[in-house]
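Chain residues, written in single-letter form:
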Amino acid sequence: MTKWVYSFGAGVAEGNAGQKTLLGGKGANLAEMASIGLPVPPGLTITTEVCTYYYDHNESYPPELKAQVEEALAKIETAVGAKFGDRENPLLVSVRSGARVSMPGMMDTVLNLGLNDETVEGLARNSGNPRFAWDSYRRFVQMYSDVVLGLEHYLFEEQLEILKEEKGVSLDTDLDADDWKALVGTYKGLVEKQLGRPFPQDVGDQLWGAIGAVFGSWQAERAKVYRRLNDIPEDWGTAVNVQAMVFGNMGEDSATGVAFTRDPSTGENAYYGEYLINAQGEDVVAGIRTPQYLTKTARENAGATAPSMEESMPETYQQLANVFSILEKHYRDMQDIEFTVQRNKLWMLQTRSGKRTAKAALKIAVDMASEGLITQEEAILRVDPQALDQLLHPTLDPKAPRDVLTKGLPASPGAASGIVVFTADEAERLSNAGKDVILVRIETSPEDIHGMHAARGILTSRGGMTSHAAVVARGMGRPCVSGAGTLAIDMKAQVMRCNGREVKAGDVITIDGATGEVMIGAVPTIQPELAGDFAILMEWADADRRLKVRANAETPLDCRTARDFGAEGVGLCRTEHMFFDADRIVSVRQMILAEDEAGRRAALAKLLPVQREDFVQIFTIMAGLPVTIRLLDPPLHEFLPHKEEEFAEVAQQAGVSVDSLRRRANELHEFNPMLGHRGCRLGVTFPEIYEMQARAIFEAAVQVAKSSGETVVPEVMIPLVATPKELALMKKVVEDAAAAVFAETGTTLDYMVGTMIELPRAALRAGEIAEHAAFFSFGTNDLTQTALGISRDDAGRFLGAYVDKGIYAKDPFVSIDVEGVGELVQIAAERGRKTRSNIKLGICGEHGGDPASIRFCESVGLDYVSCSPYRVPIARLAAAQAALAKK
């Protein structure tokens, strides 16, 4: 018989930390903590396999499940000394999700389950604290109604606020037992009014309702969005954890909190966290109350007055610190911990590897390697290459003037400016329209996930450093300021007010997630410094990687940025980008409009010196490193006007009539220009274009070699080749130009001629093409288009649906289609090497900066990848991880 349920607690466990696939991260770690003797409330885990079964069988359960749950529940009853549903001594449980990877806030939780009109009285008698019992019951009714029964959370919050107004109090803790009892009656009446049936009193029905809600939340929209953003497969499913309740809301000797063994924002080796006295866990993470600091140092640094846990509960805090040490050494990673203190006794509710910023990930990895806790190779594998993107962009200029509106908590580092929006949907809409936005909320909820991803930064008036907004923002690399309590946010009017000032939707603000400052207007930025832990980890990564990393660059700024980020050459210099400059577009258009070769050559002669100067600057910056220059690729019509109002202006600049210009534009018009007269086809029909470009390359190379004494390594790349003959013809044009320049200057230098492999035919005939090519550079943008028959410019309309339906695991223009495009790359590499064993192989499409695609490039044995300058460090780290994975 299949085992669907695993028990843990009371010093024993049926599972362990290695069973995350089966038990989910939470269940596996609860079992592990129980087995190493930490104080874990007993419980049971329903496996992820039940989730798969549930969706495969029309949302029904395996027939053996109920009996297995009852058996495991009896073990909890024995361990706790209470009975589920008993009116005298009731056992209460929590029901929580637990996917194999952390999905903070994305799925559902129910606390205090097992309370009803009878068991609440037993809880009041046994605890000697009626206020606690009725507080727990009102929390349960509200949470169960929201999560399981589908009623809106705010309906209950409204009733609570009305009650506090009537009683003349501002804090929940000012309400007494009778107040909570009355509120429970109000809540139950609200449920019956909304649903036409009473709130469920049968504890068995409550339990299975909550289990079903957790499994159902796996397919909630917010969970789907989170999985898509984080590449989590849908078929993984979630486990369900049912655990005996321990109570942080039993009085002043009880508390609840969230903590990290190191600072998840900076990586500093200091305890980081928050707690609340007389509260339950949801109060901390949901931002309902702004919590207090864990340590005295953190409180003093923040200028807060409310006592830290270290000060108010010193003995329990010391127990917690000991647990931190045990867990970090056991898991060999920074841990994110949830705990409850019930009448001065510490209980551990969860541990998991904590989400962290890129800066923190770097510091923690380097520090732990230096401490001997992990190896250097493990440190390299611990840092997500994509997360480095957070470090590679500007931060606020400390010297720039700042109009500070208010200050909140520095919840996620980084800085961002953008227009204010108050809803997640509006954030997504405006972001899709190309706008930078700051999402402003009273508090975020899991339903806001799509807007948080779309926003440049997040600002909330409620919540602490471990609130939903803070945790999710850190995981996404978004700057976040939370708990800005002086902000009064009017969601209906779409305005926030502070200190007599108003900020409306559409106004621009800046937030600094490192300081918590909120500023009116945009604030200038400065470039990041990539030293310290970043430099150390990159040095370790470079020692382990085999793949070289180049950059796609065609401007001096791009080249300098690439070299600063550690690029080992230019893998793609797109010469057509240079042609669009205002000071040369006229000559380009004159060349296109020329009626014969003589006219084209006259126009090209004007372009030669400026094109040469482009290459002089690039060769100077990249001296000693290879530079791959792609000759003109796009169809000529791209350089001509497209709008009617532009024709007269361009005609005047070019010295031709509007009719002549329009006639030439019509002649060049193509129905499918990306498969038309472009790439080497231009060189075949107008060889003088490639001749001019080749001459500019070699004249520049000779000039820089002479003036600098450095080695200049030009690699001339012929685009869109489909046949060996095309390459042979274009190669001769390049070689003739080189010979002419060398003869004129009395200087020679080494160079290479190769081609882009971006057509399926070229990949299949790579053996013959390699007879003429010293290198292949796989242009996977166009190779993906031509192999899949999908236009990259139009694919956005439907590729999202293809990914959602599992037709493609990821957007094939973001991460290489290994089975299709990847096989073409592999075929071309094998056939090219068979003809020319020393042929150089690289990739220069957008995939060159994608870690998954880099793993593929390593597996095929390519020599280098080329990506945008800002992705060079990402590629360096991903290449090292790919090499280590092969060991």
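See above for the structure.
Just so it is clear, the model here is predicted, and its values are computed rather than measured.

S.K.: Describe unusual backbone geometry, naming the residues involved and giving the relevant values.
M.R.: Phi angles above zero are rare outside glycine, and Arg-343 is one such case at about 50°. With respect to the helices, strands and loops of the structure, Arg-343 is situated in the loop between β12 (335–342) and β13 (345–353). By relative accessible area, which is 40% here, Arg-343 ends up partly exposed. Even without glycine at this site, Leu-720 takes up a positive phi of about 55°.

S.K.: Can you lay out the sheet that holds strand β32 (residues 775–778) for me, pointing to particular residues and giving the numbers?
M.R.: One closed barrel holds the 8 strands; their spatial order is β27-β28-β29-β30-β31-β32-β33-β34, and the pairing between them is parallel. Strand after strand, the sheet turns through a mean of 25° between neighbouring axes, direction not considered. In this sheet, strand β33 (residues 840–843) lies alongside β32 in parallel orientation, the contact comprising 4 bridges. Paired with Phe-778 across the two strands is Ile-843, which belongs to β33.

S.K.: Let's hear about a nonpolar patch on the surface: which residues, and what values?
M.R.: Residues Phe-798, Tyr-802 and Ile-807 make up a contiguous nonpolar surface patch of roughly 260 Å² in combined accessible area. Mapped onto the elements, Phe-798 comes out in the loop between α31 (780–788) and α32 (799–804).

S.K.: Outline the sheet that holds strand β22 (residues 495–498), supporting the account with residue identities and numerical values.
M.R.: Read from one edge of the open sheet, 3 strands run β21-β22-β23, paired in antiparallel fashion. Because the sheet does not close on itself, it has two edges, and the strands there are β21 (488–490) and β23 (501–504). Between one strand and the next, the sheet's axes are offset by a mean angle of 20°, whatever the strand orientation. Here 3 bridges tie β21 to β22, and the two strands are oriented antiparallel to one another. Each residue of the ladder has a partner; that of Ile-489, found in β22, is Met-496.

S.K.: Outline α31, supporting the account with residue identities and numerical values.
M.R.: Turning to α31, its buried residues number three or more, namely Thr-780, Asn-781, Asp-782, Leu-783, Thr-784 and Gln-785. Taken together, the buried residues of α31 touch β31 (752–757), α29 (760–764), β32, α33 (821–835) and β33. Count one or two residues on from α31 and you reach Gly-789, which has phi positive near 70°.

S.K.: Lay out the nonpolar core with the relevant residues and their values.
M.R.: Grouped together as the largest cluster of nonpolar side chains are 132 residues, with contacts concentrated most on Leu-388, Leu-537, Phe-619, Ile-718, Phe-776, Phe-778 and Leu-862. When residues of this core are assigned to their parent elements, the largest contribution, 11 residues, is made by helix α27 (residues 687–708). If we skip the residues at most four places from it in the chain, Leu-537 touches Leu-362, Val-366, Ala-379, Ile-380, Val-383 and Leu-877. Membership of the second largest hydrophobic core comes to 87 residues, among which are Ile-46, Phe-132, Tyr-226 and Ala-469.

S.K.: Talk me through the pairing of β22; I want residue IDs and the actual numbers.
M.R.: Hairpin connection of β21 to β22: 4 residues between the antiparallel strands, including Gln-494 at a positive phi of 60°. Note that β22 and β23 share 4 bridges and pair antiparallel. Across the sheet, residue Arg-497 finds its bridge partner in β23, namely Glu-502. Linkage of β22 to β23, two consecutive antiparallel strands, is achieved through a turn of 2 residues, within which Asn-499 is found at a positive phi near 50°.

The rules behind these values
- Residues numbered from 1 in each chain as written.
- Predicted model: local features only at pLDDT ≥ 70, side-chain atom pairs only at ≥ 80, totals over all residues.
- Heavy atoms only, no water.
- Helix = DSSP H or I, 4+ residues; strand = E, 2+ residues; numbered from the N terminus.
- Buried < 20%, exposed > 50% of the residue type's maximum accessible area, 1.4 Å probe, protein only.
- Pairing = 2+ DSSP bridges.
- Axes fitted to C-alpha atoms, helices over the stretch in contact; angles between N-to-C directions.
- Patch = residues over 30% accessible without salt bridge, like charges linked within 9 Å, V, L, I, M, F, W, Y side chains within 5 Å.
- Areas by Shrake-Rupley, 256 points an atom, 1.4 Å probe, with all protein chains shown as cover.
- Salt bridge = Lys/Arg side-chain N within 4 Å of Asp/Glu carboxyl O.
- Contact = heavy atoms within 4.5 Å.
- Core = buried A, V, L, I, M, F, W, Y, C linked by side-chain atoms within 4.5 Å.

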